[in-house]
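Given next are the chains, with one letter for each unit.
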Amino acid sequence: MDSSTALVRTHDKLLEAIRSTTPVNITTGIAILWALRISFRMVRNRLNATRLRGPPRKSLMFGWSMNLLQAEDAGSMYEEWAREYGVAYEVPTTLGGRKIMLCDPRALAHFYSKETWTYLHTDFDLLHITKHFGKGILCVQGQDHKRQRKSLSPAFSQAAIRRLFPVFYNSAYKAKAAWESLIDANDGRGAVIEVQNWMNHISCDEFIFCHSPPHFGPSRLDTIGLAGFSHDFGSLDGKSSRVAEIFGTFATLTLNLPLFLFTQVFPLLLSVPTAMGDLFSDMNQTLTDVSRKFLERSKEEKEAGVVDGKDDKSIIGVLIKAKDAGADIQLSMEEIFAQIKLFIAAGYETTSVSMTWALLELARNPDIQTKLRAELLAFGSDPTYDQLTNSLPYLDAVVHETLRLYPPLAEFIRQAGEDDVIPLSEPVHTKSGRIVNSISVTRSTQIGVSAACINRSTAIWGADAKVFRPERWLEEGGIPKKAQEVQGYRHLLTFVDGPRSCLGKGFAVAEFKAVMVVLIKNFVFQMRDGPDTQIEMGRGLLPRPRVAGEDGTKLPLRVSRYVD
C-alpha cells in the first residue's frame with residue numbers, strides 16, 4: 001500500500017470520529033501533537049541541519065504563514081527577505097514549523113533535478129490532491145510519476161497540438177461573435193465586458209446577450225473539451241455546465257485561514273466539515289461523472305468506427321490506449337479517471353487566468369496594445385501553429401511577459417524525503433555566523449520556491465523586473481545573465497522545472513497566442529473606469545485580478561471594435 005492510499009484510508013476511518021469529537025478534545029490533541037512535533041524536530045535539526053537566518057517569528061501560532069497567505073504580493077516579501085538574509089533562508093511557519101526558501105538558480109536546479117524522488121509533496125498536498133482528484137500525475141511520485149508522464153506525453157507533443165490547433169481559433173471566434181453582438185446592442189459604441197467570466201465562466205442563453213445585464217462565458221472550457229476530450233461543453237453556445245458553475249463558486253467562498261493553516265500541519269483536519277471542503281467534494285463527484293461519460297462515449301465511437309483509435313492523439317484517446325498498453329506506460333482505470341479530472345481542473349483555471357492578466361495589461365498599456373495589433377494586422381490571415389510559434393515575435397514577447405509577471409501558481413512547497421545537501425551559487429550566513437556555500441537539509445524539512453519572487457526579482461531580472469515590458473524579450477541583453485541561469489522554460493518558473501514541469505505548457509501557450517490573435521486584431525481594450533483604475537488580487541480556485549473594492553473576481557473592461 002503506497003503512502004497516498006494509506007493517508008486516504010486513515011482519513012476516511014477518522015472522519016466519523018472527528019465529527020463527534022468535542023472542541024476541547026481537539027484543542028488538547030493539537031497541543032500535544034504540537035509539543036511532540038517541535039521537540040522531535042528540534043533534536044533532529046540540531047544534529048544534522050544547517051540552520052539559516054531569516055525573519056523573526058511574526059506570530060507564536062502561525063509564524064509568517066498567515067501574513068503570507070493574506071499578502072497582496074507574497075513574492076515581494078520573499079524577495080525582500082532574500083536581500084536581507086541571502087539566497088537561502090528560513091521562514092517560521094505554523095505551530096513552530098519552518099521552511100527553507102530557495103532564491104538561487106543553482107540551488108533551484110539541484111532541487112528540481114531531484115523532485116519526485118528526494119523532494120516530495122507534503123502530507124497535506126498528497127492527501128488533498130489524492131482525495132479530490134485521485135492518483136494522477138500531479139501527486140504520484142518516483143517511478144509511478146515517470147510511468148504516467150511517459151504515457152501522457154503523446155497528447156501534448158507538437159504534432160498533437162498542431163492537429164488540434166484549429167480548436168483554439170474556433171473558441172476565440174465564438175467569443176468574437178458574441179462580443180460583436182454586445183457592442184451592436186449598445187449602438188456600436190462599445191460595451192463593458194466582464195473578461196474574467198469570458199475566460200473562465202459559463203455563458204448564458206443568447207437571449208440574455210441582448211436583453212439582460214451581461215453574464216458571459218469562457219472560451220477556455222470549450223477549448224479543453226474539444227481539444228482535450230473531443231467534447232464540446234457548449235459554454236460559448238449558451239449551454240449550461242455544472243463543471244464551470246462549481247469552479248465559479250470558489251470565488252464566492254471565504255477560506256477559513258486558521259483552519260487551513262492548521263490543516264497543513266495536521267492533514268487529517270481535512271475531515272472537519274467546511275463549505276470549501278463540501279465544494280471540493282462536489283467538484284470531485286461532478287468531474288468523476290464527466291470523466292465516466294467521456295470514457296463511455298469514446299468507447300462507443302471507437303467500436304462504431306467513428307474514430308481511429310490508433311491515430312487518436314487527444315488526451316482521452318491517449319488515456320484509452322494506455323489502459324491496454326505495456327507495463328512501462330500502462331494506466332489503471334483509477335489513474336485514467338484521475339488524469340481526466342486533473343486536466344479539466346488545471347487547464348480550466350491556469351490559462352484562463354493568464355489570458356485575463358494579458359488583457360488587463362494591454363488595457364493599462366495602450367501603446368503596447370497598439371504595437372501588438374500592428375504586428376498581427378501586418379501579418380494578415382490567422383497564422384498557423386508554426387507561424388504562431390516562429391513568426392510573431394512581439395506576440396511571443398507579450399505572452400511570455402504576462403507569464404513572467406503573473407504565474408498562476410505563485411509558490412510551491414515540497415518536503416525532503418531524505419537528507420540532502422543543496423549547493424548555492426553564492427555564500428550565505430548561518431544563524432551561528434558561519435559562511436557556507438551549501439546547506440544540509442534533513443528528512444521532512446520543508447523547501448519552498450516562490451515562482452512570483454524568482455520571476456519578478458530585481459536581483460535576477462534587473463531594476464525594471466516589476467514592469468510589464470515585453471521588449472525585454474526582443475532586445476539584445478534584455479534577459480539578464482542571472483535570469484539566464486534559471487533553467488525553467490524561457491528562464492521562468494511559471495511552468496515549474498524538472499520532472500514535474502508542466503506537461504501541457506505547449507498546449508497552454510498555443511491557446512494563449514491564438515486567443516490573443518483574434519481578440520487584439522478585432523477589439524480595443526480600455527480600463528472601465530479609466531487608466532488609474534486600481535486592481536487588487538482576488539481569489540477563486542487560483543488568485544486572479546479584480547477591480548479594487550469590488551466583490552468576487554470580476555474584471556470588467558471597456559471593449560470596442562477596432563476600426564482601421
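Preceding block: the structure.
The following refers to the structure shown.

**Brief notes about helix α13 (residues 257-265)**
So, step 1. For α13, every residue scored as buried is listed here: Leu-257, Leu-259, Leu-261, Phe-262, Thr-263 and Val-265.
So, step 2. The distance from a side-chain oxygen at the start of α13 to the backbone nitrogen of Leu-259 is 3.1 Å, and the residue carrying that oxygen is Asn-256.

**Some details on the pattern of salt bridges**
So, step 1. In the structure shown here, the tally under the stated rule is 31 salt bridges.
So, step 2. Its salt-bridge partner being Arg-98, residue Glu-90 comes within 2.8 Å of it at the nearest N-O pair.
So, step 3. The buried category is assigned to Arg-98, whose relative accessible area is 13%.
So, step 4. One salt bridge connects Arg-292 with Asp-289, and the closest N-O pair in it is separated by 3.6 Å. With a gap of 3 residues between them, Arg-292 and Asp-289 both fall in helix α14 (residues 275-303), about one helical turn apart.
So, step 5. Each member of the salt-bridge network shares a partner with another, and the members are Glu-401, Arg-404, Asp-464, Arg-469, Arg-472 and Glu-475.

**Considering the nonpolar core**
So, step 1. Formed by 139 residues in total, the largest nonpolar core has its most connected members in Leu-102, Trp-179 and Phe-525.
So, step 2. Non-local contacts of Trp-179, meaning those with residues more than four positions away in its chain, are made with Ile-193, Val-195, Trp-198, Leu-519, Phe-523, Phe-525 and Val-559.
So, step 3. In terms of nonpolar packing, the next biggest core, distinct from the first, is built from 9 residues, Leu-257, Leu-261, Val-265 and Leu-269 among them.

**Considerations on the packing of aromatic side chains**
So, step 1. The final tally for this structure, using the stated rule, is 19 aromatic pairs.
So, step 2. Ring centres of Phe-124 and Phe-260 lie 5.8 Å apart, and the angle between their planes is 90°; this geometry places the pair in the edge-to-face category. Taken together, the positions of Phe-124 in helix α6 (residues 123-133) and Phe-260 in helix α13 put the pair 136 residues apart, joining distant regions of the chain.
So, step 3. Taking the relative accessible area as the measure of exposure, Phe-260 reaches 23% and is therefore partly exposed.
So, step 4. An aromatic cluster is built from Phe-156, Phe-165, Phe-168, Tyr-169, Phe-343, Tyr-385 and Phe-507, whose rings are joined through pairwise contacts.
So, step 5. Above the ring of Trp-461, the side-chain terminus of Arg-404 is found at 5.3 Å from the ring centroid.

**What about the environment of Ser-181?**
So, step 1. With respect to the helices and strands, the residue Ser-181 is situated in helix α8 (residues 158-185).
So, step 2. Judged by its relative accessible area of 34%, Ser-181 falls in the partly exposed class.
So, step 3. Separated by 10 residues in the primary sequence, Ser-181 and Ala-191 have C-alpha atoms spaced 9.8 Å apart.

**Details of the sheet that holds strand β3 (residues 119-121)**
The strands that make up a sheet pair up through hydrogen bonds in the backbone, lying either parallel or antiparallel.
So, step 1. The strand order across the open sheet built from 5 strands is β1-β2-β8-β5-β3, with neighbouring strands paired in mixed fashion. On the outer flanks of this sheet lie β1 (88-92) and β3, each paired with one strand and no other. Neighbour-to-neighbour, the strand axes of the sheet open up by a mean angle of 40°, direction not taken into account.
So, step 2. Inspection of the sheet shows β1 paired to strand β2 (residues 98-102) by 5 bridges, in the antiparallel sense. Residue pairing across strands places Ala-88 opposite Leu-102, the latter belonging to β2.
So, step 3. Taken strand by strand, helix α4 (residues 74-85) contacts β1, β2, β5 (411-416) and β8 (446-450), and its axis lies near 125° from that of β1.

**Here we look at the sheet that holds strand β12 (residues 556-561)**
So, step 1. With respect to topology, 3 strands assemble into an open sheet ordered β4-β12-β9, the strand pairing being antiparallel. Among the strands making up the open sheet, the edge pair consists of β4 (191-194) and β9 (523-527). Neighbour to neighbour, the strand axes of the sheet diverge by 40° on average, direction disregarded.
So, step 2. Sheet analysis places β9 next to β12, joined by 5 bridges and oriented antiparallel. Paired with Val-524 across the bridge in β12 is Ser-560.
So, step 3. Sheet strands in contact with helix α23 (residues 505-522) are β9 and β12, and its direction is about 85° off that of β9.

Quick notes on the rules
- Residues numbered from 1 in each chain as written.
- Predicted model: local features only at pLDDT ≥ 70, side-chain atom pairs only at ≥ 80, totals over all residues.
- Heavy atoms only, no water.
- Buried < 20%, exposed > 50% of the residue type's maximum accessible area, 1.4 Å probe, protein only.
- Helix = DSSP H or I, 4+ residues; strand = E, 2+ residues; numbered from the N terminus.
- Polar contact = N/O pair within 3.5 Å; in protein donor to acceptor, adjacent residues only side chain to side chain.
- Salt bridge = Lys/Arg side-chain N within 4 Å of Asp/Glu carboxyl O.
- Core = buried A, V, L, I, M, F, W, Y, C linked by side-chain atoms within 4.5 Å.
- Contact = heavy atoms within 4.5 Å.
- Phe/Tyr/Trp six-rings, centres within 6.5 Å; stacked < 30°, edge-to-face > 60°.
- Lys NZ or Arg CZ within 6 Å of the ring centre and 35° of its normal.
- Pairing = 2+ DSSP bridges.
- Axes fitted to C-alpha atoms, helices over the stretch in contact; angles between N-to-C directions.

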